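Next come the chains, spelled out residue by residue.
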Amino acid sequence: MKKNLKIVLTGAPGAGKGTQASRLAAMLNIPQISTGDIFRFHIRNQTPLGIKIKAILDEGKLAPDNDVLAIVKDRLSLTDCNNGFILDGFPRTLGQAQAFDKICKIDCVINLTVSEEKLLCRLTGRRTCKSCGNICHLSSLNGKTDCPVCNGELYIRDDDKVETVQKRLSVYTIQTKPILEFYENKGLLVNIDGDQLPKNVLQDIEQALNKL
Ligand code: AP5
Ligand code: MG
C-alpha cells in the first residue's frame, strides 16, 4: 500500500465515518481527525469556540467554514500528521473543499454510501463511550448499559435526537453532497458500500487503498 496516505472519509451522518476512521487509523498507524470530535471537545470544555458553536451543532447545522478550516490547519500542523492522516467529516461544504485543495493535496476520498432509512436508525440508536470513545449501537449491546470495550459510561450525543438527525440529513444533502462531484472530477472519489458489516466495509476500503 502507498505510504503517507492523506485520506478524506466522507458520507452522510451515520454512514460509519467514525467507526471506520478509528479502525483504519489503527490499521495504518496514522491519526483520525474528526472535526465533529474536535468541536465536541471545545463544547465540553466551554472554550470561546465551543461557546460560539454549541447552538449551531445542537440544531444540526454546520459550523462556519472559517472556524472549521482554522481547526483543521491547526491540527494538521502537528507532527503526528507527517506520515498521513484520515479526515473524518471534513470537508463538508464546497467552500471547505476548494479552500483545502489550495493548501493540501489528498490521495483519495472514500465515500461511504448507506440508504437514508438505515441512517436514521443508526443515529438514534448510537451510543458512545465517555472513556475510550468507542462507538456502538443499542442493538448490539444486549441490554448492557456500559461500554463493551472498557466498561466506561455510554452517552447519547446531543445531536442524535430524531428532529436534529433529520435536520443533519437534509443539511448533508444540500451542503455536503456537492463535494462528491468536486472530488469525482479530480479522479479522487471512491464509493464504498457502507451497508455491510463494519469488518467488510473496512476490507473494501483497504482494497481501494491498495489500488492507489
Ligand atoms: P460529526 O461528528 O462529523 O457528525 P456526522 O457527520 O453527522 O456523522 P456522525 O458522527 O453522526 O456519523 P458517522 O458517519 O461518524 O457514523 P458512526 O461511525 O458514528 O459532526 C457533528 C457536527 O459537527 C455537524 O453536524 C456539524 O455541526 C459540525 N461539523 C463537523 N464537521 C464539520 C465541518 N467540516 N464543517 C462544518 N461543521 C462541521 O456510526 C453511526 C452508528 O451506526 C453507530 O451506532 C454505529 O455503531 C453504527 N454503524 C456504523 N457502521 C455500521 C455498519 N457497517 N453497520 C451497522 N451499523 C453501523
Ligand atoms: Mg462521526
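Going by the structure above, here's the rest.
In what follows, the accompanying structure is described. (Residues numbered from 1 in each chain as written. Chains lettered and ligands numbered in written order. Predicted model: local features only at pLDDT ≥ 70, side-chain atom pairs only at ≥ 80, totals over all residues. Heavy atoms only, no water.)

## Side note on the pattern of salt bridges
Taken as a whole, this structure holds 15 salt bridges when the rule is applied. In this structure, the salt-bridge partner of Asp80 is Arg75, at a minimum N-O distance of 2.7 Å. On the basis of relative accessibility, which here comes to 37%, the residue Asp80 falls in the partly exposed class. On the accessibility criterion, Arg75 (19% relative accessible area) is buried. A salt bridge links Arg126 to Asp160; its shortest N-O distance comes to 2.9 Å. One end of the pair, Arg126, is in strand 5 (residues 126–129); the other, Asp160, is in the loop between strand 7 (154–155) and helix 7 (162–176), and 34 residues separate them in sequence. Under the relative-accessibility criterion, Arg126 is labelled buried at 11%. For Asp160, a relative accessible area of 4% corresponds to the buried category. (Salt bridge = Lys/Arg side-chain N within 4 Å of Asp/Glu carboxyl O. Buried < 20%, exposed > 50% of the residue type's maximum accessible area, 1.4 Å probe, protein only. Helix = DSSP H or I, 4+ residues; strand = E, 2+ residues; numbered from the N terminus.)

## Brief notes about helix 8 (residues 178–185)
An α-helix turns once per 3.6 residues; consequently, residues spaced three or four apart project the same way. Looking only at helix 8, the buried set comprises Ile179, Leu180, Phe182 and Tyr183. One face of helix 8 carries all of its buried residues, which in axial projection span an arc of 160°. Turned more than 90 degrees from where helix 8 packs its buried face, Glu181, Glu184 and Asn185 sit exposed. Here the buried face of helix 8 lies against strand 1 (6–11), helix 5 (94–103), strand 4 (108–113), helix 7 and strand 8 (189–193). (Arc of directions from axis to C-beta. Contact = heavy atoms within 4.5 Å.)

## Examining the site of ligand 1
Thr19, Lys61, Arg92, Arg126 and Arg168 are the nearest of the 33 residues found near ligand 1. Thr19 is positioned such that a nitrogen or oxygen atom in its side chain is 2.6 Å from an oxygen atom of ligand 1. Separating a nitrogen atom of ligand 1 from a backbone N or O atom of Gly89 is a distance of 3.0 Å. Protein contacts shield 92% of the accessible area of ligand 1, which totals 1000 Å² for the unbound molecule. (Near = heavy atom within 4 Å. Polar contact = N/O pair within 3.5 Å; in protein donor to acceptor, adjacent residues only side chain to side chain. Areas by Shrake-Rupley, 256 points an atom, 1.4 Å probe, with all protein chains shown as cover.)

## Here we look at the sheet that holds strand 3 (residues 85–88)
Here we have five strands laid out as an open sheet, ordered 2-3-1-4-8, and parallel in their pairing. A single partner strand is all that each edge strand has here, and the edge strands are strand 2 (32–34) and strand 8. Across the sheet, the mean angle separating the axes of adjacent strands is 25° when strand polarity is ignored. As paired elements, strand 2 and strand 3 share three bridges and run parallel to each other. Within strand 3, the position partnered with Ser34 by the bridge is Asp88. Taken strand by strand, helix 9 (residues 198–210) contacts strand 1, strand 4 and strand 8, and its axis lies near 155° from that of strand 8. (Pairing = 2+ DSSP bridges. Axes fitted to C-alpha atoms, helices over the stretch in contact; angles between N-to-C directions.)

## Focus: the packing of helix 2 (residues 35–44) against helix 3 (residues 48–58)
Helix 3 packs onto helix 2 with a crossing angle of 115° between their chain directions and a minimal axis gap of 8 Å. Judged by the sense of rotation from one axis to the other, the crossing of helix 2 with helix 3 is left-handed. Residues Phe39, His42 and Ile43 of helix 2 form the contact with helix 3, whose own contacting residues are Leu49, Gly50, Ile53, Lys54 and Leu57. Partitioning the contact of helix 2 with helix 3 into residue classes produces five nonpolar, two polar and one charged. (Left-handed = near helix turned anticlockwise from the far one by under 90°. Nonpolar A, V, L, I, M, F, W, Y, C, P; charged D, E, K, R; others polar.)

## Examining unusual backbone geometry
Along the chain, Phe90 connects to Pro91 via a cis peptide bond; the corresponding omega equals -5°. On the secondary structure map, Pro91 appears in the loop between strand 3 and helix 5. Here Gln46, not a glycine, exhibits a phi torsion of approximately 50°, which is positive. Residue placement: Gln46 occurs in the loop between helix 2 and helix 3. Residue Gln46 is classed as exposed on the basis of its relative accessible area of 60%. Although it is not a glycine, Asn151 sits at a positive phi angle of roughly 65°. Structurally, the position occupied by Asn151 is in the loop between strand 6 (135–137) and strand 7. Asn151 sits in the exposed class, given a relative accessible area of 52%.

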